[in-house]
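So the chains spell out like this:
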Amino acid sequence: MIKVENLTKRYGSHTAVEGLSFQVEPGKIYGFLGPNGAGKSTTMNIMTGYIAATEGTVTVNGYDILKDAEEAKRYIGYLPELPPLYPEMTVLEYLKFVAELKKIPRANRQPQLEEVMELVMISDIQGRLIKNLSKGYKQRVGLAQAVLGYPEVIILDEPTVGLDPKQIIEIRDLIKKLGEKHTVILSSHILSEVQAVCDKIMIVSRGRLIAEGTTEELTGLRNKRTRTEIEIAGTREKAQALLQGIPQVLGYHFEDSSEPGCVKLVIETAPKEDIRRELFFALAGEGMPIMSLNRLEKSLEDIFLELTGNEETPGQENESEGGMENDSDL
């Protein structure tokens, strides 16, 4: 559906995107994950024809986004990080204006407007001026304009920036609902947001694509061994002697324990090898009670930090570079 080939964008001596290539297949929710300044928004703007690439091409259903812009843009709905709203218009006036720009046939216009407003839950505020809306409602209006015309692909750039936690959850639910009928590309620097809604994740760093796959594929790729953390009542010597009798153990190391008379260690086995049952029976036979037992697996956050190195750490749920508005009326 969308094919990005060798995409590069330079601003003077600064390279925002470098040699980026990927394909987007229909019927999935894709996540662009990366720290601030990684090139996510630049890529989105090129994919939607807002700016031109220095090198490379973007094709949408076979149409070049620059050479065949009108045809290509028919398949795309776009919500930039700052929604393109007209504050002096009412919600309905604005959406009618967008419907006209998108050349939606007059016979279909009113039913579609009503359906889209119902979808993003703004029907009850359609008569209000946009300038008087909360940040959350403005974001919903922005989503409505992206969905109008029912494009096959909807591209969302940081759709939850500046929203409070309740609003973030509501926008996520909307994105999942959109994913039932559209292909969605979601840009974000918030790990939990991408993990919660996306079928496939693309991690970008310094303008380059450095990893892609499902959450399970990305974490599995980096989890070379299974690690089990255990704290037991006993001595190091007895623990070492016991572990030597378990063939699945590839290695282990001791850590400090806060429990008197206990030892804590991390045991390494082959990927997907679960030795908790063997540990339980072996320790029980030696009279060494288990105080705690946990499997340790690398999270998406661990993978992200490994891949992006010293770049800025992604934001938390209630933080963004745009700040947070406390809008309680979303």
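For the structure, see preceding data.
Described in the following lines is the structure provided in the data block. (Residues numbered from 1 in each chain as written. Predicted model: local features only at pLDDT ≥ 70, side-chain atom pairs only at ≥ 80, totals over all residues. Heavy atoms only, no water.)

## Some points on the overall build of the protein chain
Of the regular secondary structure elements, the protein chain holds 11 helices and 14 strands. The C-alpha radius of gyration computed for the protein chain amounts to 25 Å, which surpasses the reference 20 Å derived for 330 residues by more than 25%, pointing to a less compact arrangement than a globule. When its C-alpha atoms are laid out on the principal axes, the protein chain stretches across 80 × 45 × 35 Å. Sorting the 330 residues of the protein chain into buried and exposed places 46% on the buried side. The contacts of the protein chain with a sequence gap of at least 6 include a subset with a gap of at least 24, amounting to 70%. Approximately 16,200 Å² of the protein chain is accessible, and the part contributed by carbon and sulfur atoms is 47%. In the protein chain, the 38 positive side-chain charges and the 51 negative ones have mean positions that sit 4 Å from each other. (Helix = DSSP H or I, 4+ residues; strand = E, 2+ residues; numbered from the N terminus. Rg over C-alpha atoms; globule rule 2.2 N^0.38 Å. Buried < 20%, exposed > 50% of the residue type's maximum accessible area, 1.4 Å probe, protein only. Contact = heavy atoms within 4.5 Å. Areas by Shrake-Rupley, 256 points an atom, 1.4 Å probe, with all protein chains shown as cover. Lys, Arg positive; Asp, Glu negative; His and termini not counted. Charge placed at Lys NZ, Arg CZ, Asp CG, Glu CD.)

## Considering the side chain of glutamine 112
Take glutamine 112: it is sitting in helix 4 (residues 106-119). Among residues more than four places away in sequence, those in contact with glutamine 112 are Ile104, Leu148, Gly149 and Tyr150.

## Topic: the packing of helix 3 (residues 91-101) against helix 5 (residues 135-147)
Helix packing for two helices is described by the angle between their axes and how far apart those axes are. Contact geometry for helix 3 and helix 5: axes closest at 9 Å, N-to-C directions at 25°. Taken together, helix 3 and helix 5 sit at an angle that is classed as roughly parallel. As helix 3 runs across helix 5, the sense of the crossing is right-handed. Contacts between helix 3 and helix 5 involve Val91, Tyr94, Leu95 and Val98 from the first element and Val141, Ala144 and Gln145 from the second. For the contact of helix 3 with helix 5, the class distribution of residues is 6 nonpolar, 1 polar and no charged. (Axes fitted to C-alpha atoms, helices over the stretch in contact; angles between N-to-C directions. Parallel < 35°, antiparallel > 145°, perpendicular 65-115°, else oblique. Left-handed = near helix turned anticlockwise from the far one by under 90°. Nonpolar A, V, L, I, M, F, W, Y, C, P; charged D, E, K, R; others polar.)

## Quick look at empty space enclosed by the protein
Here the structure, examined in full by the defined rule, presents 2 cavities of 30 Å³ or more. Of the voids in this model, the second largest cavity is the one considered here, and its volume is about 40 Å³. Taken together, Ile230, Ile232, Ala239, Leu242, Leu243, Leu265, Ile267, Leu279 and Leu283 make up the lining of the second largest cavity. For the lining of the second largest cavity, the secondary-structure elements that each account for two or more residues are strand 11 (226-233), helix 9 (236-243), strand 13 (262-269) and helix 10 (276-285). Residue contributions to the lining of the second largest cavity peak at 3 residues, all from helix 9. Residues of the lining of the second largest cavity, tallied by class, amount to 9 nonpolar, no polar and no charged. (1 Å grid on protein atoms, 1.4 Å probe; cavity = no way out; pocket = protein on both sides within 12 Å on 5 of 7 lines; lining within 4 Å. Points joined across faces, edges and corners; volume = space filled by probe spheres on them.)

## Thoughts on the pattern of salt bridges
Applying the stated criterion across every chain yields a total of 13 salt bridges. Among the salt bridges present, the one from glutamate 70 reaches lysine 103, with a minimum N-O distance of 3.4 Å. Taken together, the residues span a long stretch of sequence, with glutamate 70 in helix 2 (residues 69-73) and lysine 103 in the loop between helix 3 and helix 4 at a distance of 33 residues. Of the two residues, glutamate 70 and lysine 103, both sit in the exposed class. (Salt bridge = Lys/Arg side-chain N within 4 Å of Asp/Glu carboxyl O.)

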